[in-house]
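Reading the structure
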Amino acid sequence: MLQTPRFRHVLSQALQAIVLLYQGVIGIAFIAVVFFAANWLRTPFIGAFVEQTMLFNGVGPGREDDAWVLYNKGLTLRHQLLELDGQPVRSAADMQAILRERFPGENLSVTYRDLDGETHSEQVTLHIFPPQDRVSYLYIPYLVGLAYLVISVWIFGMRRTESAGRAFALFASSMAFGAGGLFDVYTTHRLTPLWTLAVAVAGGGLFDLALSFPQEARWVTNRPYLRWIGYVIAIILAGNAAPRLYDLAHPTAYIAAWRNIYNFTSACFIFLVGMLVFRRVRSPSPIVRQQARVILWSIILAFGPIVGWMLLTAVLPGNFPPILLLLTIFFPLVTGYTILRQRLLQTDYLVRQGMIYAALSLLTIGGYALLVSGLSLIFGSAIQASNPLLIGTMVFFLALALNPLRNRVQQTIDALFFRGQRAYAEHLQTFTRELTAAPDLTAITQALRQRVGSTLAPERIHIYLYDPLSEQYVATLEEDGHPSSDIRFGAQSALAQHLHRERHPLYLGGMEPPPDLEAERTRLTLLGAHLFVPMPAKERPLGWIALGPRLSGQPYTHQDLLFLENLCDQAAVAIERVQTLADMERRVQEMNVLMRIAQGVNITLAFDDILELIYAQTSQIIPTTDFHITLYNKDAGYFYYAFYLENNERLRTREDTPLPSLTGLSQVVIRTGRPLLTQDYTHECQNRGVAPVLSGVYAWMGVPLNAGAETIGSLSVGNRDAGVTYTRAQLNLLQA
C-alpha cells in the first residue's frame, strides 16, 4: 500500500498541510513576540531574568552594570523569586502587574528563596532595560530567527513536494522560533511551551534531513515512516517537559526535561554531520558529494566561531557574544540553496577568487610597508606612513599595475592549485570557437560529442535533442551515421520534466532513481547512462547529454559536472539559434506547399492529377508511408477510396470500390466530422469498435473533408516506422 502512487500523493498532501500549519503557528507566534516584548520593556527591570518557575536563570552581560543588580549579586537557578515589594509572585504576569505601577529609579524589595529553603530579601533600584542588552537579547536573536523563518517559507514554497524540502522547512521554522522566541522565554514566558516544542522539533527536522538529503537513504525510500522517528521522539520529549514548565512546587524539574531536548537536538545535529561526511566520502554521485561538501562548509562557517568561543572560554571564561548568532544564518541559507539545486554552488571558484584577492592584499600591504621602510631609512622622519603624497603615489601606481598584477597572480595560483580547471577552461574556449563555425545541428552535436569524449572518455555518449515534428527527444547520430540509441523520450516524459524542473545534472550510477523517475526505470537501465546533463531552455530542455561510466573507472567529479554544464549552456545557445533558423525554413516550406496545392487545384482539370498533387506536397512536410483519400457516396450510402497509397505504393485496384461498413478509422472521421490522431492504429481501431484495414501501421491521423457544413470524405496519413509519431501541430497542418 505504501508503494501506490495514490497513497504517496495523499501522504505528500497531508504532510504539506501539516508543515504549512506548523509554519503558520510559528509565524503568528513570531508576531506575538514583538507585542509581548514591547509590553515587557515598558515596565522597569528588577536586575535579572527570571524563568517561568520564578527561578533566576543566571543569564546576564559580561560587564558591570547597575541595571543588573540581582545578576551581579550572583542569583542563579538555585534561587526562586517569591515576592516583589511584599506581594507574592507566581508568574511573569504577576511581576508585570506589580512593576507596571513602579518607575525607574524607585527602590523595591525582592524576596527569594534558595534551594536549601532559606529566604533572603534584597533592596534593589529599578532601571530601564539597557539598550545594548536589548540588542544582545532581543534584536539580534529576533533577526536571526526572522532570517530562518523567511528561508523556511522560501524553501517550502519551492520544494514542498519533496521530503527534504519539508524536513528543512520544519527545522528552519523551529530554529526561527528557537532564536526569535528566546527573549519571551527570558521575560513574559507566554510562549515557553511552543518554544520547548520548537527546539525539540528542530532535532526531529535534523534527523529527517539527515535521512533525506542530499541523497535519500535506500532503506528509507520504501519506508518513509522511518523519517518520522525523530518527530515522534521530539513530541514525546516536549510532552514530557510540558507539565514541568510551570511547576512552582518543583521549580527545577523542567531543567532536566529541557536538557533531554537539548541532548536530543545536539545528537541529531551530530547525526546530520556524520551522514554528510559519509556521503561526502562514499557516495558514487559527484552531485551528492559536492552538496555534502557545501553543507559541511556552511556548518563550519556558521558554527565554527561558536565552537571556537566555547573552547576559548574553557581557558578564559567570558559571556557569549550574541553577534556570533548572525553567522548561524550561513547554515540554513546555504543548505536551502543546495536543496533548491538550481545550480551547483561553485565553491572552488569562491576559494580561487579568495586566494587571488588575499594574495593581492598581501602584496599591496607588504609592498607599501617595504616602500615606507626604505624611504624612511633614506629620508628619516621626513617620510611617514601617513604621508598623503606617498599614499597618493602608491594608489596611482597600484591602479596602473592592478590588472597585470592580478592576471599574473591568477595564472600563478591556477598553475599551482587549479590545473584541472585551467585545462577545462581551455577546452571550453576551443569548443566555443568550434561552435562559431558549426553550420547545422549535426556539426554542433559532433563537436559536442568529440569534446566530451576526448576530455572525459565515457563508455557511451548519448546526445538527445528535441524534435518538434515528433514532439520527442531523439538520440543524435554517431560518427557511423546511426543514432546512438533507439530509445526516445516524449516531451512530457518524466525524465524531460525532471531535467526541466531541476535544471541541474542528474546522476544515477549505482543509485536509486528519484521517485518521479520510477516510471522511466526500465528505459533508463536500457540506455546505460549514469549521468544526465540538461541543455536548458525556457519552455522545455533543448535536450541533454547522457553519459555512461568513464572508461578509466574513475568517478565523475564536481569539476567534471561544471565543465559539462558549461558545455551544455554553450551548446544550447548554438542549437537554439540553428533550430530557430530551421523552424523558419520549415514554416516557409509549409506555406509553399499550401500555396502550390492551392495553385494546382485552380489550374489542374483532371481529378486524379489533383489527388496526386495533394499527396506529393503532403509527403514533403509530413513523413508518410500510407496515404488515403476516402469519400462517402451519400446517394448509394457507401464509402470508397478515391486515392489509395500503401507502403509508398499506389494501388489503383483498391480505389473506387465500395468498402464494408465499420472498417478503418477514416470512416470514423467522416461520421464524426472531427480529426483523429493516434500513435497506434490497430489499438485505436479496437477501442472504437471498427475493423482495421491496414496492418503494420503505427502513427496515423486523419482529417475530415468538408463541403460547407457537410463532411464528404477524409484525408489520412500513416507511417509504418514505430519510431515516427505525429503531433497536434502536424494534424493542424494536414487540416489546413
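Above this text you will find the structure in question.
Residues numbered from 1 in each chain as written. Predicted model: local features only at pLDDT ≥ 70, side-chain atom pairs only at ≥ 80, totals over all residues. Heavy atoms only, no water.

As a further point, take the overall build of the chain. A count of helices and strands for the chain gives 23 helices and 17 strands. Within the chain, residue pairs in contact and separated by at least 24 positions form 64% of the contacts whose partners lie at least 6 positions apart. Total accessible area on the chain is roughly 35800 Å²; 61% of this is exposed by carbon and sulfur atoms. (Helix = DSSP H or I, 4+ residues; strand = E, 2+ residues; numbered from the N terminus. Contact = heavy atoms within 4.5 Å. Areas by Shrake-Rupley, 256 points an atom, 1.4 Å probe, with all protein chains shown as cover.)

The subject of this paragraph is the packing of aromatic side chains. For the structure on display, the rule yields 38 aromatic pairs. Plain terms: the ring middles of tryptophan 40 and phenylalanine 183 are 5.5 Å apart, the flat faces sit at 90 degrees to each other, and that makes the pair edge-to-face. Highlighted residues: tryptophan 40 in helix H1 (residues 5-41) and phenylalanine 183 in helix H6 (residues 182-186), separated in sequence by 143 residues. Judged by its relative accessible area of 11%, tryptophan 40 is buried. Phenylalanine 183 gets classed as buried once you look at its relative accessible area, which sits at 1%. Ring centres of tyrosine 466 and tyrosine 473 lie 5.2 Å apart, and the angle between their planes is 55 degrees; on these two criteria the pair is classed as tilted. Overall, the relative accessible area of 13% leaves tyrosine 466 in the buried class. Residue class for tyrosine 473 comes out buried when judged on its relative accessible area of 0%. (Phe/Tyr/Trp six-rings, centres within 6.5 Å; stacked < 30°, edge-to-face > 60°. Buried < 20%, exposed > 50% of the residue type's maximum accessible area, 1.4 Å probe, protein only.)

Ranked by size, the top nonpolar core spans 68 residues in total, and within it Phe168, Phe171 and Phe177 carry the most contacts. The set of elements that each furnish at least two residues to this core consists of H1, helix H4 (131-159), helix H5 (163-180), helix H7 (192-212), helix H9 (229-241), helix H10 (253-282), helix H11 (286-313) and helix H12 (330-340). When residues of this core are assigned to their parent elements, the largest contribution, 12 residues, is made by H7. With 35 residues, the next largest nonpolar core counts Leu448, Val533, Leu542 and Val578 among its residues. (Core = buried A, V, L, I, M, F, W, Y, C linked by side-chain atoms within 4.5 Å.)

Turning next to H9. The end-to-end C-alpha distance of H9, which contains 13 residues, comes to 19 Å, matching closely the 18 Å that a straight helix rising 1.5 Å per residue would cover. Where H9 is concerned, the buried positions are Gly230, Tyr231, Ala234, Leu237, Ala238 and Ala241. Summarising the axial view, the buried residues of H9 lie within an arc of 125 degrees, below the 170-degree limit, and thus occupy one face. Opposite its buried face, H9 presents the exposed residues Ile235 and Ile236, each directed more than 90 degrees away. Check the buried side of H9 and you find it contacts H5, H7 and H10. (Expected span 1.5 Å × (residues − 1). Arc of directions from axis to C-beta.)

So, about the packing of H7 against H9. Here H7 crosses H9 at 165 degrees, and the two axes come no closer than 8 Å. Between H7 and H9, the angle falls in the class roughly antiparallel. When the axes of H7 and H9 are compared, the crossing they make is right-handed. Judged by residue contacts, Thr196, Leu197, Ala200, Val201, Gly204, Gly205, Phe207 and Asp208 of H7 engage Ile229, Gly230, Tyr231, Ala234, Ala238 and Ala241 from H9. Here the residues of the contact of H7 with H9 are counted per class, giving 9 nonpolar, 4 polar and 1 charged. (Axes fitted to C-alpha atoms, helices over the stretch in contact; angles between N-to-C directions. Parallel < 35°, antiparallel > 145°, perpendicular 65-115°, else oblique. Left-handed = near helix turned anticlockwise from the far one by under 90°. Nonpolar A, V, L, I, M, F, W, Y, C, P; charged D, E, K, R; others polar.)

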